[in-house]
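Examination of the molecular architecture
Residues per chain are reported as follows:
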Protein chains: 4
Amino acid sequence: MIKLSDKYKEVRKRTEQICAPLQTEDYVVQPIADVSPPKWHLGHTSWFFETFILKPYFMGYQEFDDQYNFVFNSYYETVGTRVIRTDRGNLSRPTVADIYQYREYVDEAMDKFLCGEISDDVKELMILGLNHEEQHQELLYADIKYILGHNPLFPAYSKDYISPKPAEPANTSFIKIEEGIYEIGHRGDGFCFDNELGRHKVYLNAYEISPVLVTNQEYLEFINDGGYQNFRNWHAEGWDWVNKNHVLAPLYWHQINGAWYNYTYNGLQLLNPKDTLTHVSYFEAYAYAAWKSLRLPTEFEWEAAANKFDWGYRWEWTESAYLPYPGFVKAPGAIGEYNGKFMVNQQVLRGASEVTSPGHGRVTYRNFFQTNLQWQFTGIRLAK
Amino acid sequence: MIKLSDKYKEVRKRTEQICAPLQTEDYVVQPIADVSPPKWHLGHTSWFFETFILKPYFMGYQEFDDQYNFVFNSYYETVGTRVIRTDRGNLSRPTVADIYQYREYVDEAMDKFLCGEISDDVKELMILGLNHEEQHQELLYADIKYILGHNPLFPAYSKDYISPKPAEPANTSFIKIEEGIYEIGHRGDGFCFDNELGRHKVYLNAYEISPVLVTNQEYLEFINDGGYQNFRNWHAEGWDWVNKNHVLAPLYWHQINGAWYNYTYNGLQLLNPKDTLTHVSYFEAYAYAAWKSLRLPTEFEWEAAANKFDWGYRWEWTESAYLPYPGFVKAPGAIGEYNGKFMVNQQVLRGASEVTSPGHGRVTYRNFFQTNLQWQFTGIRLAK
Amino acid sequence: MIKLSDKYKEVRKRTEQICAPLQTEDYVVQPIADVSPPKWHLGHTSWFFETFILKPYFMGYQEFDDQYNFVFNSYYETVGTRVIRTDRGNLSRPTVADIYQYREYVDEAMDKFLCGEISDDVKELMILGLNHEEQHQELLYADIKYILGHNPLFPAYSKDYISPKPAEPANTSFIKIEEGIYEIGHRGDGFCFDNELGRHKVYLNAYEISPVLVTNQEYLEFINDGGYQNFRNWHAEGWDWVNKNHVLAPLYWHQINGAWYNYTYNGLQLLNPKDTLTHVSYFEAYAYAAWKSLRLPTEFEWEAAANKFDWGYRWEWTESAYLPYPGFVKAPGAIGEYNGKFMVNQQVLRGASEVTSPGHGRVTYRNFFQTNLQWQFTGIRLAK
Amino acid sequence: MIKLSDKYKEVRKRTEQICAPLQTEDYVVQPIADVSPPKWHLGHTSWFFETFILKPYFMGYQEFDDQYNFVFNSYYETVGTRVIRTDRGNLSRPTVADIYQYREYVDEAMDKFLCGEISDDVKELMILGLNHEEQHQELLYADIKYILGHNPLFPAYSKDYISPKPAEPANTSFIKIEEGIYEIGHRGDGFCFDNELGRHKVYLNAYEISPVLVTNQEYLEFINDGGYQNFRNWHAEGWDWVNKNHVLAPLYWHQINGAWYNYTYNGLQLLNPKDTLTHVSYFEAYAYAAWKSLRLPTEFEWEAAANKFDWGYRWEWTESAYLPYPGFVKAPGAIGEYNGKFMVNQQVLRGASEVTSPGHGRVTYRNFFQTNLQWQFTGIRLAK
């Protein structure tokens, strides 16, 4: 097993590698409230280690700057006032250089700290901190795409980025799963988030689930059939969302002189119809399934069948609302704010995406977003 | 069994009896988008019978006024343009007298129509129409309370209204329910809404559920303990709702010179601490349960235990999001817009309330509202 | 000269005559914040006499209802909390009948009061109160038109209403006015509002002003020439207003199957091209003038030339912002809130309209509205 | 007289000197819609010369980047689509380095262009462009202050910045000006904006005007007397502004542990009571004057007296709305959008401020802002 200090270095380094292609200015802006400036991610993930490990457990540790708590706290009400999420993009200071110094300072302290004896409690916090940073790595990817993809110059993130593609299965027929009792939730010793705990039985009716994700080509058929103009496909709230926001296609799609383009990490490109569809909201995923007279799987159906198909390219919207598992309890203190307080009016996504950090995904992993959000690498898998 | 034409008369009459204590002006206003003017309910329920029964099935029927479709359509996109929900309170015409004439006209036509032979399809539509009107009877009660209870003069709806109270059980200890498979959903021949169909098995862990609802006194303890000021009790979205709207107590509660009052159908009254709590949002129900270190039951836990306690006084918030049962399918046409399109970002309530029409409730009935709404007779039953 | 008590009866009666064609429901609604429900006008004008005359000066007077101050206060911060303007349409109580009783009660008390000796101070207040009620008579006309004209059934206010028309002058050439010093502001003993006081000299350059108002036909040419689509005609703020509100024509104009209709007190009618244009905002008046390569007169130019043309059919937008005359001072107390506090970001209108109360207008009268408002009988007179 | 090419270099250099103390990140953010990112000012002023001079008049000029028109157009509808003002802060590209290259590119081309023969028309455009850039220099100062002054770290712009102070007059009594005719507006050959043209006579009543500006100390007395809590001091619209925005003091003032601080270019400082008050809105200027039972001067009173006091430290709010002078005509084309389209719902400011570019002010200069804005170096001079 990898040493904790090596794992720490590896994860921390990866965050910076993700940002390597950026210009200083790209680190600063926040085009919508859901997107955070990259420099904020860099600071916030360091603040997490400083606040929850160095300050309480590393004797003699000197805080880098006592005002950074104010700036880099995300949403941890326990730990004090925070910069309102929509204001993050208004902060030119601390500068990007300041924040890289902050990272270095924290990393050096952590390096020293990890040479010493580490209690099991702190090890747990460390692993949580590393998983937390991996979550922000994925957010960084999505936020950077949003920042560059909404610039009228459409700059590429990297000309070399290659999007990984799922293996094509020999048989694309829907997989049949039998009725019965299935066990759901995390099992074993490995790390998981608190929302996966409470392994429990669920009773599933017989169902079928597709071994493949929906492609751009398939979704284009929905568009061309007037899918966005027919209220019958949509939830009432989804229909309001479409009309109020004039939604006509997934995020990053542009129709120019009759041809469809989409913005990718390589810049603005002609839409590749064979690519796996991405950047759809739950409303769109539901509407597409309704138009096909099919449906999305529940998160339990997904988990029970996940060993039968190749997943990990798109976060897959499910028919399940984000709710606690039986026996769910919040951890005490700030760590307890991690998951439970979001368990209302959000929808569960299962799987992982092409920009999920390596080793971060699990079959029991529960991601969750509001039903209107498109900026993650979301996708659609059908069931019936 | 009661004759359909008698049932029709009984239901239609009850709607008008609910409105009997109103002044003409009370029929007209719409203080918030969720509340409809009483005259709109009177017109809309008549429009339902005219549109779905008389016009398609009663040969030679002459529409009362072809502009009424525009005014009284609620949300049935299939049937044509509708008056936007927030504009209903801006319409002084048709007048209340016009609408009572419309009701009379429709009722006379229905009377003649029901003398003839009625096909099973139409019978089904009739029963749906009557249940639909009973739903609007409950909305009328809630909307009238809102209209009068938000008037600075606090006029009483009726000095004689007596609020029914649940029987006090011999034993108020939590009821224990065993782990296992339970069947959920409507069974048998009686009427139910499409969202109750698809009787299916669920697997429940062992749980306990309270035989009694939370009282004003118990909820006051939460308020007095600073429950509305402590973010730890709340969902993140609930905490935003509390702060943005300066929520300090359930709807209709007023603190005047240190004493708590609440508005009831009898006018503004000193709060009775023994009364069953009502007019709380899901956010408040969840926060109260969290403060007690307990939780709300899921809708499945509720249904599996409902024969063990006296329900029917409050719509009871559950931990379950409003989602389709396995095998749920929308009916074709306008009737299909009834339920399915609301299955996102709402929470299920179970039971029935003191103003639910007699005979309208069922153990499998699934009511649903957005998580911030307080204007219905909602309540809290705890589980663990 | 007319006796004060007769004048009182005459003015009070006229208010009720304006409302005579209304149904009870028409008294209640408030489709936009700028429009008040007719019943509110009826109550507010009575409240004015009760508050400023009966309560301070009529010994032994018993207030009708001490809660009415809360409901019928308009915007007089001095006199206590008021119902927020946008909430007036949510109040079903007091009922219309209650308010007519209130009027009768106040009128009876005033009748007795006016039998006694009246001091000059009170006489002044009386005259202010009557002028205040006449202002609300005009508002009643405009608000009733808005309420009925925005109902999808387009009910007529009265089939017999005849719109008065200005005399056509023998010569429609622009009137030339010489450069020089002119005196502006109220002179003499008659009543005027405080904003007309401070007769003072202004220096005017030579100018020309039209003896006639713009007609529907002339404004149609602006529309047909793409006037609403060309930013060059508009103020930047006006251009935003046009685009944000999708304004395409004056208020009450509807294009149906290629023909232009407008809503009048007689119901929806084919547009009469010869009629004097009305229901345009200042933004539209300015844009029309700019499109003609002309301009609006200033309020000083208007006043200096007003004896040379037939005015009194439209409130005429001027190029002047609403500002204090030299030496303007606010009266002390609540009466001082009448005019001065509105002297920012509003534009002056001169003249009077077809629904101004008889005898209410004056050549020095200064009306004022925000630049986006269309619901009054506004019009356009050009200058150069 | 200074050569045009030298003047060009001097002005362009000064813009960059203003930005010299900034970090790259400071160039990017836009905390409110009224503040533009410094990099936008740098680009926009260059775009002005490229668009209005180089492209039409410098044969063979190659546009630097044809997408820059989209990004750096401000509000010139004539010249094409523009980036919406509130979105400027979401653009990380072009980078600051890109924009400095753009400036250099344009400056080199201008340098060559200015070696040739320049027509009078182009000279006029040049002078307009330089005055335009000087206006943006002042905006840069104000916007930079806003960006740094709203950062929770309160970084100083420069530790060496010294705020210039007006000379204290021997006699601070109000200056008396006699009744009569005065001439207003630009005279002579020098440059002025179109809104100053049309020198014309105005008739002024006798008035008195203060030779000094209001100080922090004097304004503190207004605050301490409850000036922000008493509606009597305020316009109705100002009172709404105060309450809606919880305004308690001028912009940049902070009360910390009972003491008043304000943010200056040197960082957060204890408030100096002797300093000239700044960063007040028109609403505040009006309220302060009302509280003193005085008033603001009109712009005509200001201009007629301006040779009698030391001005140029604060833009001084006047009682005059921003309206056209007699005979005002818009220039044709994009240049005509400069001033006229803003002549509604804004108030005139006279004078100049401590950050106005040297030589940019004039006694006839008319600045104008919306009545709620505080971010400029505004001040108060009283009249009676």
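Residues numbered from 1 in each chain as written. Chains lettered and ligands numbered in written order. Predicted model: local features only at pLDDT ≥ 70, side-chain atom pairs only at ≥ 80, totals over all residues. Heavy atoms only, no water.

**Let's talk about the confidence of the model for chain A**
Formally: For every residue, the pLDDT score states the predictor's confidence, bounded by 0 at the bottom and 100 at the top.
Taken as a whole, chain A shows an average pLDDT of 94; of its residues, 97% reach a score of 70 or greater. The complex prediction reports pTM at 0.95, with the ipTM value standing at 0.95.

**Structural notes on the interface of chain A and chain B**
Cut-off, in case you're wondering: Residues count as neighbours in contact if any of their non-hydrogen atoms are within 4.5 Å of one another. Two parts placed together each lose some accessible area under a 1.4 Å probe, and adding up what both lose gives the buried area. Each salt bridge in this description consists of a side-chain nitrogen of Lys or Arg and a carboxyl oxygen of Asp or Glu lying within 4 Å of one another. Any pair of N or O atoms that falls within 3.5 Å is considered a polar contact. Within protein, one atom must be able to donate a hydrogen and the other to accept it, and sequence-neighbouring residues count only if both atoms are side-chain atoms. The numbering of helices and of strands both runs from the N terminus, where a helix is a DSSP run of H or I of at least 4 residues and a strand a run of E of at least 2. Think of it as three bins: nonpolar holds Ala, Val, Leu, Ile, Met, Phe, Trp, Tyr, Cys and Pro, charged holds Asp, Glu, Lys and Arg, and polar takes everything else, Gly as well.
Taken together, the 38 residues of chain A in the interface contact 38 residues of chain B. Buried area between chain A and chain B, summed over both chains or domains, comes out near 2900 Å², and the portion from carbon and sulfur atoms is 52%. Contact with chain B buries surface across chain A, with Tyr203, Val344 and Asn345 of chain A losing the most and accounting together for 20% of the total. Inspection of the region where chain A meets chain B yields zero salt bridges. The interface formed by chain A and chain B holds eight residue pairs in polar contact (both at pLDDT 80 or more) in total. Elements with a minimum of two residues in the side of chain A that touches chain B: β3 (200-204), α7 (236-244), α8 (282-291) and β8 (315-321) of chain A. Partitioned by chemical class, the residues of the side of chain A that touches chain B number 18 nonpolar, ten polar and ten charged.

**Re the interface of chain C and chain B**
In this assembly, 26 residues from chain C lie in contact with 26 residues from chain B. Summing both partners gives a buried area of about 2400 Å² for chain C against chain B, and 60% of it is carried by carbon and sulfur. In terms of surface lost to chain B, no three residues of chain C exceed Glu25, Arg93 and Leu153 of chain C, which account for 29% of the buried area on that side. The partner of arginine 93 of chain B in a salt bridge is aspartate 26 of chain C, and the shortest N-O contact between them spans 2.6 Å.

**What about the relation of the copies chain C and chain B?**
For clarity, the cut-off: In superposing the copies, a least-squares fit is computed on C-alpha atoms, taking residues whose pLDDT is at least 70 in both.
When chain C is brought onto chain B, the operation consists of a screw motion whose angular component is 180° and whose axial shift is 0.0 Å, with 0.0 Å RMSD remaining. The operation mapping one copy onto its partner corresponds to a two-fold rotation axis. For chain C, the minimum C-alpha distance to the rotation axis belongs to glutamate 25 of chain C and amounts to 3.1 Å. A symmetric contact is evident, with 100% of the interface residues of chain C recurring at the interface of chain B.

**Examining the packing of aromatic side chains**
Note the cut-off: Only Phe, Tyr and Trp rings take part, Trp by its six-membered ring, and two of them pair if their centres are within 6.5 Å. Stacked means planes under 30 degrees apart, edge-to-face means over 60, and tilted covers everything else. Burial classification: accessible surface area is computed with a 1.4 Å probe over protein chains only, and a residue below 20% of its type maximum counts as buried, one above 50% as exposed, and the rest as partly exposed. Think of it as a cone above the ring: NZ of Lys or CZ of Arg counts as a charge over the ring if it is within 6 Å of the ring centre and within 35 degrees of the ring normal.
Going through the model one piece at a time under the given rule, you end up with 180 aromatic pairs over all chains. For the pair tryptophan 253 of chain C and tryptophan 260 of chain C, a centre-to-centre distance of 5.6 Å together with 65° between the ring planes defines the contact as edge-to-face. Exposure remark for tryptophan 260 of chain C: the relative accessible area of 15% places this residue in the buried category. Clustering of aromatic rings is evident, with ring pairs tying together Tyr219, Phe222, Tyr228, Trp234, Trp253, Trp260, Tyr288 and Trp291 of chain A. In this structure, arginine 381 of chain A packs its charged tip against the face of phenylalanine 309 of chain A, placed 3.7 Å from the ring centre.

**Examining the packing of helix α1 (residues 4-19) of chain A against helix α4 (residues 96-115) of chain A**
In a pair of packed helices, the angle between the axes and the distance between the axes together describe the arrangement. All names here are of chain A. Selection criterion: Between N-to-C directions, angles cover 0 to 180 degrees, with each direction set by a line fitted to C-alpha atoms, over the stretch in contact for helices. In what follows, roughly perpendicular refers to angles from 65 to 115 degrees, roughly parallel to angles under 35, roughly antiparallel to angles over 145, and oblique to any angle outside these ranges.
Contact geometry for α1 and α4: axes closest at 10 Å, N-to-C directions at 170°. Comparing the axis directions of α1 and α4 gives the class roughly antiparallel. Only Tyr100, Arg103, Val106, Asp107, Met110, Asp111 and Leu114 of α4 make contact with α1, whose side of the interface consists of Ser5, Tyr8, Lys9, Arg12, Thr15, Glu16 and Cys19. Here the residues of the contact of α1 with α4 sort into six nonpolar, two polar and six charged.

**Some details on the relation of the copies chain A and chain B**
The two copies are related by a screw operation: chain A maps onto chain B through 180° of rotation and 0.0 Å of translation along the axis, at an RMSD of 0.0 Å. Both copies present the same face, since 100% of the interface residues in chain A are matched by interface residues at the equivalent positions in chain B.

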